[in-house]
Amino acid sequence: MKKYIKFLLILSVLLTTFISCKEESKSEEIIHNHSFIKLLSNNENLNISLLLDLSDRINPKKNPSPAMDFYLRDVGYLKSIAQTLESHIMNKKMIKIDDKIQVFIDPEPSDNNLNIKLNALKISFNKENVTKKKIFMTCKKYDSISKLIYESAIKDDHYVGSDTWRFFKNKVNDYCIEERYRNILVILTDGYIYHKDTRIKENNRASFLTPQVIKNNGLNNSKWEDKFDNKDYGFLTLDNDLSSLEILVLGVNPDDKNPYEEDVIRAYWSKWFKEMNVKNFEIKQADLPSNMDKIIRNFILKE
């Protein structure tokens, strides 16, 4: 009888241990699966495109900024974007690496070596070609080469404007969107769009936006929003479905003569993006690169 009771006690202990181990194993499995899901979400393949506005907004003489020239702010933003991509790639398993970054300028400035510079900034990473040296060279290239591009445009002193509207019309789908990627377009601009060869206007919609246009449309007083909505002001609508593209606009620099200027600029861009089904976008005013770094990281890495 005593042996039987002893046997039952041992059996009870073994069963308790087994159940406890199984529950612990199940908990570990849940934690592991949660970590795996998190890992997958952080390891998306990025396809980052950058569109540079090399209009006279970058001219230090026309648009001086005592804290930091606007073209140097752009260079700082580009460096932060490259550093963020480096961080993203370094936190991925090698077999999962498949990420890209590239730069576009529309229209292109008169620089004989521009194609060479842009090719150097068109970088793809995959499990076959990735090395630590290549990863860490990305930031150096985006710092030095982009600075050469801006300095060349400033030295040339022949600013041809920013044909952003036509870039969206003819190129954004072909150049900036690929399947199996999280597609991100970063636009460096003061928020205004103008090119001498792309001045299209239909009713209160146009392919361009300047401080004079905002003033002429009477969007420079406290009633601007009612007028903007009721009279349907905005950029000309494009037949684009950009639901698979995320957009970050950096460097908005409104004319300080109109206290409502920045709000109007944001309204134009926001309305345009929504009409093209852009699900995720942010529009940020020009700031020092040290302040903008966190915004860039948060947008790209979803931190």
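All values reported here derive from a predicted model rather than from experimental measurement.

### With respect to the side chain of N59
Logical step 1: Residue position: N59 is located in the loop between β1 (46-52) and α2 (70-90).
Logical step 2: Residue classification places N59 among the buried positions, given a relative accessible area of 12%.
Logical step 3: Of note is the side chain of N59, whose polar atom sits 2.8 Å from the backbone nitrogen of K61.
Logical step 4: Residues within four places of N59 in sequence aside, it is in contact with D157 and Y159.

### A few points about the sheet that holds strand β3 (residues 123-126)
Logical step 1: Ordered by their spatial adjacency, six strands build an open sheet running β3-β2-β1-β4-β8-β9, and the pairing between neighbours is mixed. Bordering the open sheet on either side are β3 and β9 (281-285), each of which pairs with just one other strand. Each neighbouring strand pair of the sheet contributes to a mean axis angle of 10°, computed without reference to strand direction.
Logical step 2: Of the strand pairs in this sheet, strand β2 (residues 98-105) and β3 are connected by four bridges, and their pairing is antiparallel. Along β3, the bridge assignment pairs D99 with F125.
Logical step 3: Strands β4 (182-188), β8 (245-252) and β9 of the sheet are contacted by helix α9 (residues 261-275), whose axis makes an angle of about 160° with β9.

### Let's talk about the packing of aromatic side chains
Logical step 1: In the structure shown here, the tally under the stated rule is 16 aromatic pairs.
Logical step 2: The interplanar angle of 65° and the centroid separation of 6.4 Å between the aromatic rings of F167 and Y175 together place this pair among those described as edge-to-face.
Logical step 3: F167 gets classed as buried once you look at its relative accessible area, which sits at 1%.
Logical step 4: Taken together, a centroid distance of 6.0 Å and an interplanar angle of 75° make the contact between W269 and W272 edge-to-face. With W269 and W272 both in helix α9 and three residues apart, this pair spans about one turn of that helix.
Logical step 5: By relative accessible area, which is 1% here, W272 ends up buried.
Logical step 6: Across the ring face of F125, the terminal group of K134 is positioned such that the distance to the ring centre comes to 5.2 Å.
Logical step 7: Over the face of the ring belonging to F228 we find K271, whose NZ or CZ atom lies 4.9 Å from the ring centre.

### Quick notes on α2
Logical step 1: In this model α2 runs 30 Å from its N-terminal to its C-terminal C-alpha over 21 residues, within 8% of the 30 Å that 1.5 Å per residue would give.
Logical step 2: Across the 21 residues that make up α2, a large majority, 16, are buried.

### A few points about the pairing of β1
Logical step 1: Among the seven residues in β1, seven count as buried, and that is most of the element.
Logical step 2: Here β1 shows no split at all, with L46, I48, L50 and L52 on one side and N47, S49 and L51 on the other all buried.
Logical step 3: One ladder, built from seven bridges, connects β1 with β4; its direction is parallel. Its bridge partner being in β4, S49 is matched across the sheet by L185.
Logical step 4: Pairing of β1 with β2, which is carried by six bridges, proceeds in the parallel orientation.

### Quick look at unusual backbone geometry
Logical step 1: Note that the residue after D106, namely P107, is joined by a cis bond; omega there is 0°.
Logical step 2: The residue P107 is located in the loop between β2 and α3 (114-120) in this model.
Logical step 3: One non-glycine residue with positive phi stands out, namely D232, at about 55°.
Logical step 4: Turning to its location among the elements, D232 is positioned in the loop between α8 (224-230) and β7 (234-235).

### Structural notes on the nonpolar core
Logical step 1: Ranked by internal contacts, the top residues of the largest apolar core, which has 44 residues, are I48, L50, Y142 and Y150.
Logical step 2: Per-element tally for this core: the top contributor is α2, with nine residues.
Logical step 3: With near-sequence residues (within four places) excluded, Y150 lies in contact with L52, L54, R57, I58, Y71, D74, V75, L78 and L188.
Logical step 4: Of all hydrophobic cores here, the second largest spans 40 residues; its members include F168, I177, F208 and V278.

### Regarding a negative patch on the surface
Logical step 1: A cluster of acidic residues, E225, D226, D229 and D263, forms a negative patch at the surface.
Logical step 2: With three residues, α8 is the largest single contributor of residues to the negative patch.
Logical step 3: For D226, the location among the structural elements is in helix α8.
Logical step 4: Residue classification places D226 among the partly exposed residues on the basis of a relative accessible area of 48%.

Reading guide: rules and limits
Residues numbered from 1 in each chain as written. Predicted model: local features only at pLDDT ≥ 70, side-chain atom pairs only at ≥ 80, totals over all residues. Heavy atoms only, no water. Helix = DSSP H or I, 4+ residues; strand = E, 2+ residues; numbered from the N terminus. Buried < 20%, exposed > 50% of the residue type's maximum accessible area, 1.4 Å probe, protein only. Polar contact = N/O pair within 3.5 Å; in protein donor to acceptor, adjacent residues only side chain to side chain. Contact = heavy atoms within 4.5 Å. Pairing = 2+ DSSP bridges. Axes fitted to C-alpha atoms, helices over the stretch in contact; angles between N-to-C directions. Phe/Tyr/Trp six-rings, centres within 6.5 Å; stacked < 30°, edge-to-face > 60°. Lys NZ or Arg CZ within 6 Å of the ring centre and 35° of its normal. Expected span 1.5 Å × (residues − 1). Core = buried A, V, L, I, M, F, W, Y, C linked by side-chain atoms within 4.5 Å. Patch = residues over 30% accessible without salt bridge, like charges linked within 9 Å, V, L, I, M, F, W, Y side chains within 5 Å. Areas by Shrake-Rupley, 256 points an atom, 1.4 Å probe, with all protein chains shown as cover. Salt bridge = Lys/Arg side-chain N within 4 Å of Asp/Glu carboxyl O. Lys, Arg positive; Asp, Glu negative; His and termini not counted. Charge placed at Lys NZ, Arg CZ, Asp CG, Glu CD.

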